[in-house]
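Structural overview
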Amino acid sequence: MAERGRGGAKTFACTCEDVTLAEVRRAFAAGHRDLESVKRYTGLGTGPCQGKSCVALAVRELLRLGATAEEAAPFTVRPPVHPVALGALAAIDPAGLAVDDGIPLSPAGVPPLPLAAPPHPAAPLPPRADVVVVGGGIFGLALAYELCRRGVTDVLVLERGYLNAGASGRNGGGVRAQWSTPTMIRLARRTLAIMDRFAVEMGVNVWLRRGGYLFLAPTREQVARIERNAALHAREGLRTRVVDPAEALRIVPQLDGSRFLAASWNPDDGIVFPWPFLWGYAERARLLGARVATFTRVTGFEVAGGRVAAVRTDRGRVACDTVVVAAGAWSKEVAALAGVALPNRPTRHEILVTEPLKPWLGPLVSVLGSGLYFSQSLRGELVGGMGDPDEPEGVVQGSTLRFAARFARAATAMVPALAGVKVVRQWAGCYDVTPDNNPVLGPAGYPNFHQLSGFVGHGFMMAPAVAELYAELLAGRGRDEIFDRFGVGRFRSGALPREDFIIG
C-alpha cells in the first residue's frame, strides 16, 4: 500500500500498525539490524495479521540495507493464528489442558521449520572492561547508564539475544507503589519519579500514564490484607484508600461488583510501554562510553586470587575487575557457571493483548488470589496476564491454550462485556522467584561477583531506582541498606520477612 505525501512516496511495510519502510530504514540506521529488534522498535508485525502481510517486505528491505540472512530471519509468530474472542476461549475447560512447554506441534507429515541461527555481530569484543554486566535487560542497561553518569565508563553489557528479548520486553508495563514493605514502597516511588521525567531527559517516549492501580479483594482475608497495606501506605505518604464495591464501580463501571468485597485504590500508580526504556538506557549509556554487545552468550568465568578475573563468551574472553549478573530468569544459570548457587527459581508467566477498543479502563485492575490483571494501553488494547500455580520451574517462553482459557474465564467473569473482545496475540516471559519474594543483591561467592536478580516479575518497576543505588555502591559513593537486607547470605539465616503483594 502506498500514498503520496509531501516527502515523496510513502510505502507502508505494516498496514496493521502503520509502519512505513522509512521507519524500518531508521530502525536499521539506529543499529537495530535484526528483524526481531526492528519489530520491537517500530511495532511491525504486532497487529492482528501477526506479520503475514509485512514480514516478506521487511525482510527484503533489511537485506537490501545490508543485513545478513541470520539478521533477517522471520520473527516468531505468536498465537492465536487468527483473532479469537475471549468468550470462545472462556468456553474451553482449562482443567483438561496440560501445563506444557507451549511449543506448537507441526501438522502431520509436515517437518518443523529449522531454527534460525542467531546473528553474528561484526564488531569484536574488547579484551577487557572495568565492569562486565551480564544481561541487557532493564537492570543491566540502567546500571550501565547510571555507572557512566558517575564516571565509571569502561562498562561492557553482554546480552545473549536482542534487546527486549527477555522479561523486560515481555511484561505488562505496570508500575505501582502499593507494596507491603517500606523498602519496596520507597524503591517503587523513586522509579515512578524517574519515569515521570524519562521522556524529557532521555529523549524517548515511554507512554507513561498515571491511571492508578485497583486491587480487588474477593475474600475477607484479602480485605484484611489490603487494609493492613493501606495503613502502611498512609504512614509512607501514599494516597491509597480501601474502597467498597460501589466506589470501585465508579472507577471502573464495567466490573461485576458482586465478585469482590472491597478494593485497594491508588490513583498515582501507572502503566508504561516497556520497550522504549531499553532503547533509551542503551543509547544514553553508549553515548557516555559504555558498550552493549547483543547476541553474545556467556559460557563461563575465570577465577584467580579468589576473584572473578575474566568472562568467557561464545565470542571470546573479556578480562574484568567486576562482574554484575543481571540476567533475570537466567541469573541462576549464569551464576552456576562460576560455581555460585542462587536460590532463584524461574517460572513462566503468560500475557495476552486484545484488539484495540475505545478508552474505557483507567487503572490497571488486579484480582487478589487469582493473580488476574489487565489494563488498557494508550492505543486501546487490553493487556493482561495471570499466573498458573501449577507452572513448574524452568525458563520456558512458549504460549499455551491453557493460559488463554484460564485468563478468558477469569476476565469475562469479572468484566462480562469482554466476552466479545478478540485476542490478537499472546506471549510468555519468566518470573525470577526467590523463597521470600525479595531480590538478591550484592556479591555472592566472590567479592567482585555481584548479583542483581530475583524481583519476582516486578523488576521493571524497581530497576531504575535500584540501578541508581547499585551504581553508587560500585562507584564507591555509598551503600544503601538494601545491600545488607537483600544479600544472598540471608537465606542461610532466614531473617527476612516475605513480600506478599505479588501479582501473577
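Quick note: structure is the one above.
Every value quoted in this text rests on a predicted model; they were computed, and no experiment measured them. (Residues numbered from 1 in each chain as written. Predicted model: local features only at pLDDT ≥ 70, side-chain atom pairs only at ≥ 80, totals over all residues. Heavy atoms only, no water.)

1. Quick word on the overall build of the chain
- A count of helical and extended segments in the chain gives 14 helices and 22 strands.
- For 504 residues, the compact-globule estimate of 2.2 N^0.38 gives 23 Å, and the chain sits close to it at 23 Å.
- Each principal axis of the C-alpha distribution contributes one length, and for the chain these read about 65 × 60 × 50 Å.
- Per-residue burial for the chain yields a buried fraction of 57% across its 504 residues.
- Put simply, 76% of the contacts in the chain that link residues at least 6 apart link residues at least 24 apart.
- Roughly 20700 Å² of accessible area belongs to the chain as shown, and the carbon and sulfur atoms make up 55% of that amount.
- If you average the places of the 56 positive and of the 47 negative side-chain charges in the chain, the two averages end up 3 Å apart. (Helix = DSSP H or I, 4+ residues; strand = E, 2+ residues; numbered from the N terminus. Rg over C-alpha atoms; globule rule 2.2 N^0.38 Å. Buried < 20%, exposed > 50% of the residue type's maximum accessible area, 1.4 Å probe, protein only. Contact = heavy atoms within 4.5 Å. Areas by Shrake-Rupley, 256 points an atom, 1.4 Å probe, with all protein chains shown as cover. Lys, Arg positive; Asp, Glu negative; His and termini not counted. Charge placed at Lys NZ, Arg CZ, Asp CG, Glu CD.)

2. Some words on the pattern of salt bridges
- Taken as a whole, this structure holds 31 salt bridges when the rule is applied.
- A salt bridge links K332 to E393; the shortest N-O distance between them is 3.2 Å. Of this pair, K332 sits in helix α10 (residues 331–336) while E393 sits in the loop between β19 (382–385) and α11 (401–414), placing them 61 residues apart in sequence.
- Overall, the relative accessible area of 44% leaves E393 in the partly exposed class.
- Salt-bridge contacts for D484 lead to R479; the nearest nitrogen and oxygen are separated by 3.2 Å. Each member of the pair, D484 as well as R479, is classed as exposed.
- It is possible to trace a salt-bridge network through shared partners that takes in R128, D130, D154, R291 and D321. (Salt bridge = Lys/Arg side-chain N within 4 Å of Asp/Glu carboxyl O.)

3. Quick notes on empty space enclosed by the protein
- Tallied over the entire structure, the rule returns four cavities of 30 Å³ or more.
- The calculated volume of the largest cavity comes to roughly 50 Å³.
- Every residue along the wall of the largest cavity is listed here: R348, H349, E350, M386, G387, D388, E391, F403 and R406.
- Counting only elements with at least two residues in the lining of the largest cavity, the list comes to β16 (345–354) and α11.
- The dominant element in the lining of the largest cavity, judged by the number of residues it contributes, is β16, at three residues.
- Taken as a whole, the second largest cavity holds about 40 Å³ of empty space.
- Around the second largest cavity, the lining residues are L86, L352, T354, F374, L382, G384, F407 and L418. (1 Å grid on protein atoms, 1.4 Å probe; cavity = no way out; pocket = protein on both sides within 12 Å on 5 of 7 lines; lining within 4 Å. Points joined across faces, edges and corners; volume = space filled by probe spheres on them.)

4. Observations concerning the layout of surface pockets
- Here the second largest pocket is characterised by a volume of approximately 1200 Å³.
- In terms of lining, the second largest pocket is formed by 44 residues, of which the most central are R40, W207, F273, W275 and P276.
- When residues of the lining of the second largest pocket are traced back to their parent elements, those giving at least two are α1 (21–29), α2 (35–42), α9 (275–287), β18 (373–376) and β20 (422–433).
- Ranked by residues supplied to the lining of the second largest pocket, first place goes to α9 with six residues.
- Taken together, the residues of the lining of the second largest pocket sort by class into 18 nonpolar, 13 polar and 13 charged. (Nonpolar A, V, L, I, M, F, W, Y, C, P; charged D, E, K, R; others polar.)

5. Here's the deal with the sheet that holds β16
- Ordered by their spatial adjacency, nine strands build an open sheet running β4-β20-β16-β19-β18-β17-β8-β10-β9, and the pairing between neighbours is mixed. A strand with exactly one partner marks an edge of an open sheet, and here the two such strands are β4 (84–85) and β9 (241–243).
- Strand direction decides the pairing type here: β9 and strand β10 (residues 262–266), joined by three bridges, are antiparallel. Its bridge partner being in β10, V242 is matched across the sheet by S264. (Pairing = 2+ DSSP bridges.)

6. Concerning a nonpolar patch on the surface
- A contiguous nonpolar patch, built from W207, F273 and L378 and spanning about 270 Å² of accessible area, is present on the exposed surface.
- In this fold, F273 is placed in the loop between β11 (270–271) and α9. (Patch = residues over 30% accessible without salt bridge, like charges linked within 9 Å, V, L, I, M, F, W, Y side chains within 5 Å.)

7. As for the nonpolar core
- Of all hydrophobic cores here, the largest spans 81 residues; its most connected members are V155, F277, Y281, L441, L452 and M462.
- When near neighbours in sequence (up to four residues on either side) are disregarded, Y281 contacts I138, L141, A142, Y145, I194, F198, M202 and P464.
- Formed by 32 residues, the second largest nonpolar core is a distinct cluster that contains L216, F260, L352 and W360. (Core = buried A, V, L, I, M, F, W, Y, C linked by side-chain atoms within 4.5 Å.)

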